Amino acid sequence: MGTVSDRPTLHPVAEANGKIILVGEHAVVHGYPALAAAVEQRVRLSAEPSAARSTPIELRIPDWDVDLSLDPGDPHPIARASLEVLAASDGPVLGWSIRGTSDLPPRAGLGSSAALTVAMARLVLGPHAPVRSIVDVSLSGEAVFHGSPSGIDSQIAARGGVLRYIRGEEPTALRIVTPLRLVVAPTHIARSTADQVAKVQRKREQFPRCADATLRALADLVDPTETALLRHDTFGLGEIFTMAHHLLSALDVSHPRLDELCQLACNEGATGAKLTGAGGGGSLIAVVPDASAEDQVLHALRSTGAPAFATDIRGPAPT
Ligand code: PMV
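Residues numbered from 1 in each chain as written. Predicted model: local features only at pLDDT ≥ 70, side-chain atom pairs only at ≥ 80, totals over all residues. Heavy atoms only, no water.

A. Geometry of the overall build of the protein. A count of helical and extended segments in the protein gives ten helices and eleven strands. By the compact-globule yardstick of 20 Å for 319 residues, the protein fits well, its C-alpha radius of gyration being 20 Å. Across its three principal directions, the C-alpha atoms of the protein cover 60 × 45 × 35 Å. Split into buried and exposed, the 319 residues of the protein put 55% on the buried side. Summarising the internal contacts of the protein: among those between residues at least 6 apart in sequence, 73% fall at separations of at least 24. Counting every atom, the protein has about 13,500 Å² of accessible surface; 53% of that belongs to carbon and sulfur. Charge-centre separation for the protein: the mean point of 28 positive side chains lies 2 Å from the mean point of 35 negative side chains. (Helix = DSSP H or I, 4+ residues; strand = E, 2+ residues; numbered from the N terminus. Rg over C-alpha atoms; globule rule 2.2 N^0.38 Å. Buried < 20%, exposed > 50% of the residue type's maximum accessible area, 1.4 Å probe, protein only. Contact = heavy atoms within 4.5 Å. Areas by Shrake-Rupley, 256 points an atom, 1.4 Å probe, with all protein chains shown as cover. Lys, Arg positive; Asp, Glu negative; His and termini not counted. Charge placed at Lys NZ, Arg CZ, Asp CG, Glu CD.)

B. Looking closely at the site of the ligand. In the vicinity of the ligand lie 16 residues, with Lys19, His26, Ser150, Arg191 and Ala278 positioned nearest. The separation between an oxygen atom of the ligand and a polar side-chain atom of Lys19 is 2.5 Å. In this structure, an oxygen atom belonging to the ligand sits 3.3 Å away from a side-chain N or O atom of Asp153. Looking at the shell around the ligand, the elements that each hand over two or more residues are β1 (13–23) and α4 (152–159). (Near = heavy atom within 4 Å. Polar contact = N/O pair within 3.5 Å; in protein donor to acceptor, adjacent residues only side chain to side chain.)

C. Representation of the packing of helix α1 (residues 77–88) against helix α3 (residues 131–146) in the model. Look at α1 against α3: their axes get within 8 Å of each other, and the N-to-C directions meet at 155°. One way to sum up the angle between α1 and α3 is to call them roughly antiparallel. In this structure, the crossing between α1 and α3 has a hand that is right-handed. Here Pro77, Ile78, Arg80, Ala81, Glu84, Val85 and Ala88 of α1 come into contact with α3, specifically with Val137, Ser140, Gly141, Val144 and Phe145. Its residues assigned to classes, the contact of α1 with α3 shows eight nonpolar, two polar and two charged. (Axes fitted to C-alpha atoms, helices over the stretch in contact; angles between N-to-C directions. Parallel < 35°, antiparallel > 145°, perpendicular 65-115°, else oblique. Left-handed = near helix turned anticlockwise from the far one by under 90°. Nonpolar A, V, L, I, M, F, W, Y, C, P; charged D, E, K, R; others polar.)

This is the structure we're talking about:
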């Protein structure tokens, strides 16, 4: 962003929401549709000029134990991604201090990296920048974390609401009248999205017909998921979630802890549960039909050490 002196500057504050993938993760990498929803949890950034204007940008996010100086040689993925975002948006690279807070755990399949790169793009481009520019800039940072991301995380972090997305196309926002309550449980098992995506690719090479049929089956759940969301059909949605979880397990992207917690959530009153995001750890989501089931599921998950929380899925996002 240009100033009177043409020295790039930053806006004082910016934020972006995290996400869950309702159905279609992994399939979306291979050109099939997927549905993603914004969660209330988010990343917030604030920026102010440093006293020394020629020192590298300082980035501190204590919630993630991040305290970085954005030097081009720093191998930390958050430093590299932040520099990519700043370069792609013609932002400053020296003389600023950025401080962040996050109620999204990192590397949990909840879109923390897209929330960070979207919030950082907004720091440079401002609150009125076209959403497509924000997504494009975010994607240059996301590539550091994910290799070749489908773009779904950046789209939902930038647009909010609930989106149907096909790689390379403009997403469509779903008009959900009644917000849907979901329980989200991070497992705290770290994994790399790029490794999980590579695992599915190996399955496609080993067993092309079977793996592609499974990806197609995941995509076939997108229309019924949309219908269930629009009707607020928590039982139908639960059945879909459980089926999607088993299909993702067939691609070997689940984890014993995810399987165990999905089963526990269903035993305690959830109508269905699935892993969300790349899997192999990360988080699960469960559909709860009412407030008493929500309490029971949250209590059961937390008693195993999973920091479960509930969130509302709603759309479309306010513009
Ligand atoms: O980064 P995660 O865990 O939210 O996974 C993103 C979803 C994938 O479909 C697995 C990858 C992608 O690029 O869409």
